[in-house]
Amino acid sequence: MSIEPSSRRISAPDIRARKGGNPIVSLTSYHAHTAALLDKHCDLILVGDSLGMVMHGLESTIPVTLDMMILQGKAVMRGSSRALVVVDMPFGSYEASREQAFGSAARIMKETGCGAIKLEGGRRMADTIAFLVERGIPVMAHVGLTPQSINALGGFRTQGRDPSDWEPIEQDARAVAQAGAFAVVLEAIAEPLAAKITRDIPIPTIGIGASAACDGQVLVLEDMLGLSPRVPKFVKRYSDLGPAIDRAVAAYAAEVRARSFPAADNVYEMKPRRAKAP
Ligand code: KIV
């Protein structure tokens, strides 16, 4: 069972302790209301920098800023009370130095109250991860397809489909585990490689396009609800809310035009007049 009977928030060490146990359930959220809906079902809510593409219609996550992440992180914290909330560090807020990373992560944690941050990168970020963890910041790492490196990777491509590509990805996963990350997201990784990494490292792997072999799964909420126009092969649409929203908005527009909305039930009446005393 993925729901823990607890009145306090799930912590990063709680997630770390789930290695090899019941699968860890995670989805993204950027708003208070969706966070409230997710809270009782998810162990971990990720305020992903995918919000740049999903909420703001950006082409990639590159333009996302620390202020954008903090604003939505605060909203998700207000809407939830149980799940561990992890906020993504956006591109440019952590790569220059360990000190830059600490400054950004500390701002995120102080201003949102979240329980952990996530950053992209394997071996190249290992020193930074160790620096943050030593200073009290729980870090979730992210290896395989790392969307913030889209310009260097040349596109969103599945990683590790050829065994000759495995070694660097495995080294990345081992490096972040050794550096003290409490979990690692494996994105768009061929199933046998994801299974091998999950067997070989001591921290939970959270897969997105990395098969059921991982210790947990994460999806972008809008993708699985059918609200995103295009989704990768690894997404299963658990609902198709796009047409339902279209029908609701069309009905509203028609009723407003016909003056049948607002109807009697939706308007305020005057207070009944009190009879004057004789
Ligand atoms: O930004 C995001 O939503 C993510 C998930 C895709 C893992 O990093």
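Reading the values: the criteria
Residues numbered from 1 in each chain as written. Predicted model: local features only at pLDDT ≥ 70, side-chain atom pairs only at ≥ 80, totals over all residues. Heavy atoms only, no water. Near = heavy atom within 4 Å. Polar contact = N/O pair within 3.5 Å; in protein donor to acceptor, adjacent residues only side chain to side chain. Areas by Shrake-Rupley, 256 points an atom, 1.4 Å probe, with all protein chains shown as cover. Nonpolar A, V, L, I, M, F, W, Y, C, P; charged D, E, K, R; others polar. Helix = DSSP H or I, 4+ residues; strand = E, 2+ residues; numbered from the N terminus. Buried < 20%, exposed > 50% of the residue type's maximum accessible area, 1.4 Å probe, protein only. Contact = heavy atoms within 4.5 Å. Salt bridge = Lys/Arg side-chain N within 4 Å of Asp/Glu carboxyl O.

> Is there a simple way to think about the site of the ligand in this case?
Inspection of the region around the ligand gives Thr 28, Leu 46, Gly 48, Asp 49, Ser 50, Asp 88, Lys 118, His 142, Ile 208 and Val 220 as its neighbouring residues. In this structure, an oxygen atom belonging to the ligand sits 2.5 Å away from a side-chain N or O atom of Ser 50. Within the contact set of the ligand, an oxygen atom lies 2.9 Å away from a side-chain nitrogen or oxygen of Lys 118. Its free accessible area being 260 Å², the ligand has 95% of it covered by the protein chains. Residue composition of the shell around the ligand, grouped by class: three nonpolar, four polar and three charged.

> Sorry, what's going on with the environment of Leu 221 here?
Its location among the elements puts Leu 221 in helix α10 (residues 221-224). Leu 221 gets classed as buried once you look at its relative accessible area, which sits at 5%. For the pair Leu 221 and His 56, spaced 165 residues apart in sequence, the C-alpha separation works out to 15 Å. Those residues in contact with Leu 221 that lie beyond four places of it in its chain are Leu 27, Thr 28, Thr 34 and Leu 38.

> Looking at this structure, how should I read the pattern of salt bridges?
Opposite charge on two side chains lets them pair, provided their charged atoms get close. Applying the stated rule across the entire model yields eleven salt bridges. Salt-bridge contacts for Asp 172 lead to Arg 123; the nearest nitrogen and oxygen are separated by 2.8 Å. Here Arg 123 lies in the loop between β4 (116-120) and α6 (126-134) and Asp 172 lies in helix α8 (residues 166-179), a separation of 49 residues in the sequence. Among the salt bridges present, the one from Asp 200 reaches Lys 196, with a minimum N-O distance of 3.0 Å. Of the two residues, Asp 200 and Lys 196 are both situated in helix α9 (residues 191-200); the distance of four residues between them amounts to about one turn of the helix. Note on Asp 200: relative accessible area 40%, which makes it partly exposed.

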